[in-house]
Amino acid sequence: MLSLLTFRLHGTVPAATGRELKASLREAQEAGTDHHRAQKQFFAKFDAVLDRAPIGPAYFENEKTAEVLAGEIMMLEETGFRVHGFAILPNHIHLVLELPDDSPLSFAKAIDLLHLRTGTNCRRLVRPKLPPEAEFWQVGWHEYAVQDAAELIRLLAYVRGNARAAGLPARFQEWPYVSE
């Protein structure tokens with residue numbers, strides 16, 4: 001299984017915007033738009049909202065928090081995943097991951113554990129900014145299935161260029177948390 005995943009910090013997409021995005025996805029699907037195309041359109045709109053960062057925290061501006069997250073991502077290699085690429089932005093991350101078909105791991109369970117581990121470890125660093133009951137990550141994640149090698153190349157270019165396209169400073173475009 002080869003996928004582009006996006007995790008976002010809790011509270012980074014206004015509720016009304018989230019409802020609008022989901023409604024546009026449903027409309028596209030009801031209009032007969034190919035499922036993969038509809039998902040691609042949804043992701044582009046969703047990521048544009050995250051890149052604008054209209055609300056919410058930006059914990060990964062702190063390099064220590066970003067380092068913890070990057071370390072957890074790289075640990076995936078030890079569990080059998082292939083990390084094709086990733087980018088850590090102020091309020092979200094993109095991961096391009098592959099789990100071989102013959103792996104005994106469950107993709108969804110492994111990603112759930114990554115979500116939990118990174119949230120727990122990063123939360124320790126931002127504890128003074130969060131009340132005890134506050135969430136770190138938004139529940140769940142966005143997953144986009146990679147169809148073929150050509151799409152993988154396009155997605156990796158997108159992930160590597162996301163910070164630049166979002167208008168973030170050079171630090172985010174060239175920092176160590178954009179994998180090559």
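Residues numbered from 1 in each chain as written. Predicted model: local features only at pLDDT ≥ 70, side-chain atom pairs only at ≥ 80, totals over all residues. Heavy atoms only, no water.

Asks: Would you take a moment to explain the pairing of strand β2 (residues 82-88) for this structure?
Replies: Residues in a regular strand project their side chains so that they alternate between the two faces of the sheet. By the criterion of burial, β2 is predominantly enclosed, with six of the seven residues buried. As defined by bridge partners, β2 adjoins strand β3 (residues 92-98) across six bridges and the pair is classed as antiparallel. Opposite Phe86, over in β3, you have Leu95 as the bridge partner. (Buried < 20%, exposed > 50% of the residue type's maximum accessible area, 1.4 Å probe, protein only. Helix = DSSP H or I, 4+ residues; strand = E, 2+ residues; numbered from the N terminus. Pairing = 2+ DSSP bridges.)

Asks: Sorry, what's going on with the packing of aromatic side chains here?
Replies: Describing an aromatic ring pair means giving the distance of the ring centres and the angle of the ring planes. Tallied over the full model, the rule gives nine aromatic pairs. Summarising the aromatic geometry, the rings of Phe7 and Trp141 are spaced 6.1 Å apart at their centres and angled 45° between planes, so their arrangement reads as tilted. One end of the pair, Phe7, is in strand β1 (residues 2-8); the other, Trp141, is in the loop between α4 (107-126) and β4 (142-145), with 134 residues separating them in the sequence. The exposure class assigned to Trp141 is partly exposed, which follows from its relative accessible area of 24%. On the basis of an interplanar angle of 35° and a centroid distance of 5.6 Å, the ring pair of Phe60 and Trp137 is categorised as tilted. In this pair, Phe60 is assigned in the loop between α2 (35-52) and α3 (63-75) and Trp137 in the loop between α4 and β4, connecting sequence segments 77 residues apart. Residues Phe60 and Trp137 agree in their burial class; the two are buried. (Phe/Tyr/Trp six-rings, centres within 6.5 Å; stacked < 30°, edge-to-face > 60°.)

Asks: What should I look at first to understand the sheet that holds β3 in this one?
Replies: Sheet strands associate in pairs through backbone hydrogen bonding, adopting either a parallel or an antiparallel arrangement. Strand order in the open sheet made by the four strands is β2-β3-β1-β4, with antiparallel pairing throughout. Pairing within the sheet leaves two strands with one partner each, and these edge strands are β2 and β4. The mean angle between the axes of side-by-side strands here comes to 15°, regardless of whether they run parallel or antiparallel. Bridge count for β1 against β4 is four bridges, and the pairing is antiparallel. The residue of β4 that forms the bridge with Leu4 is Tyr144. Strands in contact with α2 are β1, β3 and β4; relative to β4, the strand with the most contacts, it is inclined by about 140°. Of the strands in this sheet, β2 and β3 are in contact with α3, which crosses β2 at around 165°. (Axes fitted to C-alpha atoms, helices over the stretch in contact; angles between N-to-C directions. Contact = heavy atoms within 4.5 Å.)

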